[in-house]
Each structure stands twice: as structure tokens, then as C-alpha cells.
Amino acid sequence: MTTDQQDTDTAALDTDVLVVGAGPTGLMLAAELRLGGAEVVVVDQRPGPTTESRASTLHARTMEILDSRGLLDGLGTPPCEPRGHFGGVPLDLTLPGPYPGQWKVAQTRTEELLERRAADLGADLWRRHQLLSLTVRDGADGAPEGVEAETIGPYGPVRVRARYLVGCDGEDSTVRRLVRAPFPGQDARRELLRADVSGVSVADRRFQRLRHGLAIAATRDGVTRVMVHEFGRPVTERGGGEPDFAEVTDVWKRVTGEDISHGIPLWVNAFGDANRQLARYRHGRVLFAGDAAHRQMPSGGQALNLGVQDAFNLGWKLAAVVRGSAPEGLLDTYDTERHTVGRQVLANIRAQVELLLGGPEVEPTRALLTELLAVDGVRRHLAGMISGLGIRYDVGGGAADPDAPADEGEPGGRGAGAAAVPGDVPHSGDPAGLHPLLGRRLPDAWLEPVAGGGRRRTTELLRTGRGLLLSLAGNRAGARAGTDALRAALAPWADRVEFVAGPPEAGGPLPAGQALLVRPDGHVAWAGPRPDGLSGALTRWFGFPAAGD
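**Overview of the sheet that holds strand β13 (residues 185–186)**
A sheet is described by the order of its strands in space; here three strands give the open sequence β13-β19-β22, paired in antiparallel fashion. Strands at the two margins of the open sheet, each flanked by one partner only, are β13 and β22 (294–295). In this structure, strand β19 (residues 275–277) lies alongside β22, joined through two bridges in antiparallel fashion. Across the sheet, the residue bridging to R276 is R295, located in β22.

Here it is, written out as C-alpha cells:
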């Protein structure tokens, strides 16, 4: 990163990637970019981290992501709730994995953790800097390709020149407006009012449906969070501002009959059921992640988790492109993978909103869903969707599992990008005999000691942020020859992908005798017992071999 003074009024700064927005999504992205070797500047118009813990849930996949970077110790021991909900209907979220259920972590704590991580890795964070304009340079005038952004900060204007820009600036994204990116969907028709209040004593309510509306209340550390919706009440126009506390107390009293007007509001807001998604997450050298890419009601705590997982998918890819070790086309896989996941999440949120905010007319549907959730396959499917554990990316084939049964029930065409499927290890319906782990996250598991070493945990092997070729052949006859063949196939990519060999713990989720190519985000990109097709997968995900190989 370099700086210069263009004139007496405007400072200029060069970097690889400019990230706009320092919420959880932007901070996770900045950390992943630095881990991958890219220079990054983050600008945010706020004077400091949020003081409002609007999001308070980390789902199982996000917990695994934080663990794969060694960050969980920074959260201490947050409370875990195995039960979540789908549209207010209780849902058991437990699935195989190290972090079943949902974990209650204040957004302030999440941001603090990710900001420290990004700073420790060398990201530059510029607070109180507002984005004013941006220009994409295509190189036609002889200037370097990239993005030029004008910001205004406490010491005046700053011009930032970057090779790429990523908008992580929330649902009212300035980047999205400046790019004029199509953002189809629907505006809010209904809303929940929400406030954190001290000095009140009300009973905890878990999605209590009353005659006139929905009421939710939970008290933690002396602060009561209340949320309320009055059936049939449309969205209130407030000119872009938040509701005042009197509006919340009036609606709460009409719905519950209780008076909480004597309480002290810590913060108040409203969130509606708007449901929009960018047509594309990539616009050349401008990309989007988090709420800048998709707008939804945060039902089931999915919004923050969706954004963090967007960033985790994008960070290693963008870093590889700016380092020159991967072609620019790798960024298109971010768009196809995460746009598909986002579309699926927004669809499940639309369904949840109808169940949650609908009046008496939705009671038969709620009753039917309650019955269906007693079927474990239904429960696992919805739990995999909410938790993020069911994501399976379309990684373009890979070695087939020779022992996989024929497709018996799940339709083949999952669509480009990703699909949510239930559980940790897939069922027999994997299409076209593909390896059951292909495209899914690497299971958390132990490898047995080899050559006098200790046991190793797969999640900890991901902490370098590099790719991983995992040989699970063990000590069986012929294993050494197979391991040597895999190591030789990997050699041209050894600067980007680590090689680890060891038999999996018996009875665990990893297939003995197989090999797995794992991307830096923990998803399996190739799998099989022999190196057939491995070079193609390495080229697709990690770029061309190093010069001279």
C-alpha cells in the first residue's frame, strides 16, 4: 500500500482491495484478505464499532468458521441453545458437528473479535470516512485497471485507488447506489418493532401469538429485548428514521396489555419484511457481500451469519487473484456459489415471515409444520438450512466415489453454485455417484498419529488459510505408493496447498483410503481414492502451476 499527496487538498492512497463497511462482514473479509496476502483498506463512516447488539446469534457453520481460524477462544464460553425456530415454530437445530445449536454472542462482541483479527493481520481501518463517489477504470486510457474512490474523512478528502472494491456497507449500501446495481425484490409490507429496555419486568415470551399480534421478550443481564408486531398494521413511514420508544410501548400495550413506558430504552429500531437480492454479486471490479448484496428480515438470526459466510467465501479467492496466483475468473465462483445460497436463504425467510407475522389465517399451516417437524428428515433439512451446515457448493465434478449407491431419490440438478442439504454426511441420493463430501464442508475430525507425530484435528489444519490436500490412506498395503503419487501431483502447487497424510479416526466422518482437496474456506473441491482429476481441480481453484513446474 502506498500514499502520496496529489495536491494540497486531497490525499491519495493505493491498495489492493478497498472494503467499504466495517461491520462483521467487512471485518471478516479484511481479515481473510490479509491472511491471503492482499493489502486492504477498510473505510467506515461510523466513529467506532457498533454499540447496539442487534444480531445476537452465531449459527453452527459460523462457529466452525471462527474455529478454523483459531478465533473461538476470544468469545469465551457463550451460551448455547439447541432449539431455534422456523417462523416461530420450535426447531431443534442439533446436527452432527462440534457446535450444534445456536450460540448467543452479542454483535458488539463479534465485531470486536473480528476487528482485532483484521488489525492483527495488518488491515488498515479508517473510521469516520464516508464514500462519496467511485469510478471503475477499464485501462482503456492507459491508466491501471481498478477502482478509484473518493472519500471524506475527519482530515479532509481522500482518494483511494484499489484494484478491487467490495461493498459491505449494509442494506442501504452507498456502493450499490453508486454502481446502480439492479436490486430486484419486494419492499417491506410488515414490520417488527424492537427495543432493548432496562427497568422493566415482563415475562419472557418466545414468539407468543396473541389475539392482536406477536410478542417476543427475553431478559439477559438486566436488559429486556422486546419485539412486537400488530396483526394487520402496515409499515410506518418514518422518513428513513427509527421509531421512537413511545411507538414501541403503544404497540406493545395494544398487543399484550402491558405497560412498559416507564422503562429506559437503550436503543430502538424496526425491521421490515423487505426481501431483495442483487442480480449479480460481482460487477467487474466491484463486488458485494452481506446485507449490501441481500436485504431480508433477520429471521432466525440468519442475516449476520449469511454475511460472514459471504466474506469467508470471497476473501481467499480475491486474495489469490490480486496476488496473481489465480485467474480473475475465480471471482465468478463467488457470485454463483453465494448468490445461490443467498437466494435459498431469502426464500426460507419469506416463508418464515408468513408464518411469523401472518394472522389467524396461517394457523393451519403452522399446525401442519409442527407435525412435519416430528419427522427427522424434515427437521434435519430445515436445521441444515438455518445453521449453514447443509450447504453444498457445485465445485464442478471431481472424482466419483466408487462405493456410492445410485441416485435413489434426490433430483440431480441442484443448480449452479450451491444447494442446502440436511445433515453432516449426506444420504444416498448424491447425484451421479459423486463423492458424498464433494462440495461440502470438511467434517471436524481427528487424524491418527503418523511416524511418531501426534493426533491432528482437521479444523486446525485450516488455520493457515491455505489449501489442503488430505491423504487418508493410512498404513494399509499400498498406501505409501498412493500417498507418494498424490504428493507428486501436488508438487507444482505446493506454494499454495499443504499436504497432510494420516489415517482418520475409526468410526469418524472421514472416508479411510480416500484423498480430499480442501479449499481455504473448508469446502471439499475434489475427492477420490486416486489422483485422477486432481490436477484439473488444483488448476481451477488454485491457479496454474508455479513457473518452472
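**Here we look at the sheet that holds strand β27 (residues 467–471)**
If you trace the four strands from one edge of the open sheet to the other, you get β28-β27-β29-β30, paired in mixed fashion. For this open sheet the edge positions go to β28 (497–501) and β30 (524–528), each flanked by a neighbour on one side alone. Strand-to-strand twist in this sheet, taken as the mean axis angle between neighbours without regard to direction, amounts to 15°. Sheet topology places β27 next to β28; five bridges connect them, and they run parallel. Along β28, the bridge assignment pairs S471 with A501. Here helix α11 (residues 479–490) sits on the sheet in contact with β27, β28, β29 (515–518) and β30, set at roughly 175° to β28.

**Remarks on helix α5 (residues 245–256)**
Counted at 1.5 Å a residue, the expected span for α5 with its 12 residues is 16 Å, and the 16 Å between its end C-alpha atoms agrees. All of the buried residues along α5 are F245, E247, V248, T249, V251, W252, V255 and T256. Residues of α5 that are buried sit in contact with β14 (191–198), β15 (205–209), β16 (213–220), β17 (223–230) and β18 (264–272). Following α5 by one or two positions, G257 has its phi on the positive side, about 85°.

Procedures and definitions
Residues numbered from 1 in each chain as written. Predicted model: local features only at pLDDT ≥ 70, side-chain atom pairs only at ≥ 80, totals over all residues. Heavy atoms only, no water. Pairing = 2+ DSSP bridges. Helix = DSSP H or I, 4+ residues; strand = E, 2+ residues; numbered from the N terminus. Axes fitted to C-alpha atoms, helices over the stretch in contact; angles between N-to-C directions. Contact = heavy atoms within 4.5 Å. Expected span 1.5 Å × (residues − 1). Buried < 20%, exposed > 50% of the residue type's maximum accessible area, 1.4 Å probe, protein only.

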